[in-house]
Amino acid sequence: MENYILCNCKNVSYFDVEDALHAAKSLDDVEKAFADVQEITHCSTGCGGCHDKIMDAISEIMHR
Ligand code: FES
């Protein structure tokens, strides 16, 4: 699979989100997983426009 940028403001890629998810503690809950990923990568702390893309990526990674 090819890596690509999910959050342009903070330059956070799909693989960054995946790595952060491996360190996250709350994998049963997408909202909490998002909070953990955000804390680690700072994604979605700029314009916020990437929020949905990141949520989609998180649920995709969690459910495969
Ligand atoms: S693109 Fe992620 S905060 Fe702007």
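Residues numbered from 1 in each chain as written. Predicted model: local features only at pLDDT ≥ 70, side-chain atom pairs only at ≥ 80, totals over all residues.

Things to note about the overall build of the protein chain
No. 1: Broken down by element type, the protein chain carries three helices and two strands.
No. 2: For the protein chain, the sequential pattern of α-helices and β-strands runs β-β-α-α-α.
No. 3: Whereas a compact globule of 64 residues would reach a radius of gyration of roughly 11 Å, the protein chain reaches 10 Å, a difference of no more than 12%.
No. 4: With respect to the principal axes defined by its C-alpha atoms, the protein chain has extents near 25 × 25 × 20 Å.
No. 5: Within the protein chain, the proportion of its 64 residues that are buried is 30%.
No. 6: Counting contacts in the protein chain only where the partners sit at least 6 residues apart, residues at least 24 apart contribute 49% of the total. (Helix = DSSP H or I, 4+ residues; strand = E, 2+ residues; numbered from the N terminus. Rg over C-alpha atoms; globule rule 2.2 N^0.38 Å. Buried ≥ 20, exposed ≤ 12 C-beta atoms within 10 Å, placed from the backbone. Contact = placed C-beta atoms within 7 Å.)

Focus: the packing of helix α2 (residues 30–41) against helix α3 (residues 51–62)
No. 1: Viewed as axis vectors pointing N to C, α2 and α3 meet at an angle of 110 degrees, and their least axial separation amounts to 10 Å. Regarding the angle of α2 to α3, the classification is roughly perpendicular. The two elements α2 and α3 meet at a crossing, and its hand is right-handed. Where α2 approaches α3, its residues Val30, Ala33, Phe34 and Val37 are matched on the opposing element by Ile54, Met55, Ile58, Ser59 and Met62.
No. 2: By residue class, the composition of the contact of α2 with α3 is eight nonpolar, one polar and no charged. (Axes fitted to C-alpha atoms, helices over the stretch in contact; angles between N-to-C directions. Parallel < 35°, antiparallel > 145°, perpendicular 65-115°, else oblique. Left-handed = near helix turned anticlockwise from the far one by under 90°. Nonpolar A, V, L, I, M, F, W, Y, C, P; charged D, E, K, R; others polar.)

Notes on the packing of helix α1 (residues 14–23) against α3
No. 1: Running from N to C, α1 and α3 point in directions that differ by 55 degrees, and their axes come no closer than 10 Å. On the basis of their axis angle, the class for α1 and α3 is oblique. Every pair of crossing elements has a handedness; the one defined by α1 and α3 is right-handed. Contacts between α1 and α3 involve Tyr14, Val17, Glu18 and Leu21 on the former and, on the latter, Ile54, Ala57, Ile58 and Ile61.

Structural notes on α2
No. 1: The end-to-end C-alpha distance of α2, which contains twelve residues, comes to 16 Å, matching closely the 16 Å that a straight helix rising 1.5 Å per residue would cover.
No. 2: Those residues of α2 that are buried lie in contact with β2 (12–13), α1 and α3. (Expected span 1.5 Å × (residues − 1).)

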